[in-house]
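Per-entry structural report
Now for the letters of each chain:
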Amino acid sequence: MAEPTINVDEIIGKIEVPGNLKGIFDRAVLSGMRIMFDRNSHQMLLEQLDKPGPLADKVVEGIISLVFMLWTESNRSLPPQIMVPVTVVLTLRAYEFLAQSGEPEATPALLGEVMSGAVTGILERFGVSEDQLPELARQAQGQPQQPQAPQGGMIQQGGAA
């Protein structure tokens, strides 16, 4: 069994989630892990990986579907602030699984491609476009918000703002 080329636990340990969201974040990650790796649902993961096409595309599609499943199964109650960190953790765990399974394509380059695609895909599902990312980064750093036109997405389709 090949060891992962990246220490995912170290990366996950650096993810900061506000204390008031830590419990729900942990539960969402645990739910995602159960769906990915529980013997009753692990077959979905394997079927996703067996689909034709580039491995990165299959993993991105699978992670986005998984996170969207968590969102819908929570009755759209998961806080939007945790959706990207949940996506990052589940992406890292999927990569770790591939690396430990001896997948030759499980390289740092694959992880980068999958991480970029999964995070961008989740943001798009929430109605955030790539050109809005600099503004979100400013907000995260506590800088004043610049006016933005409202965008559609999962949040405005019945989720909490």
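Just above sits the structure.
Residue positions are counted from 1 within each chain, in the order its sequence is given. The predicted nature of this model means local features are confined to residues of pLDDT at least 70 and side-chain atom pairs, given and counted, to a pLDDT of 80 or more, with totals for whole chains, interfaces and linings taken over all residues. Each side-chain value is derived from all of the structure's non-hydrogen atoms; neither hydrogens nor water enter the calculation.

Concerning the overall build of the protein chain
Per the convention used, a helix needs a DSSP run of H or I reaching at least four residues, while a strand needs a run of E reaching at least two, with both numbered from the N terminus. The helix and strand tally for the protein chain stands at seven helices and zero strands. Element order for the protein chain, N to C, with α for helix and β for strand: α-α-α-α-α-α-α. Here the protein chain holds 161 residues, and the buried ones make up 40% of them. For the protein chain, the proportion of contacts with a sequence separation of at least 24, taken over those separated by at least 6, is 71%. Buried residues are those whose accessible area, probed at 1.4 Å on protein chains only, stays under 20% of the maximum for their type, while exposed residues exceed 50% and partly exposed ones sit between those limits. Working rule for contacts: check all heavy atoms of both residues, and any pair within 4.5 Å makes them a contact.

Re the packing of helix H5 (residues 80–100) against helix H6 (residues 108–125)
Where H5 meets H6, the closest approach of the two axes is 10 Å, and the angle between their N-to-C directions is 150°. When the axes of H5 and H6 are compared, the pair comes out roughly antiparallel. Here the hand of the crossing between H5 and H6 comes out right-handed. On the side of H5, the interface is formed by Met83, Val84, Thr87, Val88, Thr91, Leu92, Tyr95 and Leu98, while H6 contributes Pro108, Leu110, Leu111, Val114, Met115, Ala118, Val119, Ile122 and Leu123. Here the term charged refers only to Asp, Glu, Lys and Arg, the term nonpolar to Ala, Val, Leu, Ile, Met, Phe, Trp, Tyr, Cys and Pro, and the term polar to all other amino acids, Gly among them. Taken together, the residues of the contact of H5 with H6 sort by class into 15 nonpolar, two polar and no charged. Lines fitted to the C-alpha atoms define the axes, with helices restricted to the stretch that makes contact. Angles between their N-to-C directions range from 0 to 180 degrees. Angle categories: roughly parallel below 35 degrees, roughly antiparallel above 145, roughly perpendicular from 65 to 115, and oblique for all the rest. Two helices cross in a left-handed way if the nearer one is turned anticlockwise from the farther one by less than a right angle. They cross in a right-handed way if the turn is clockwise.

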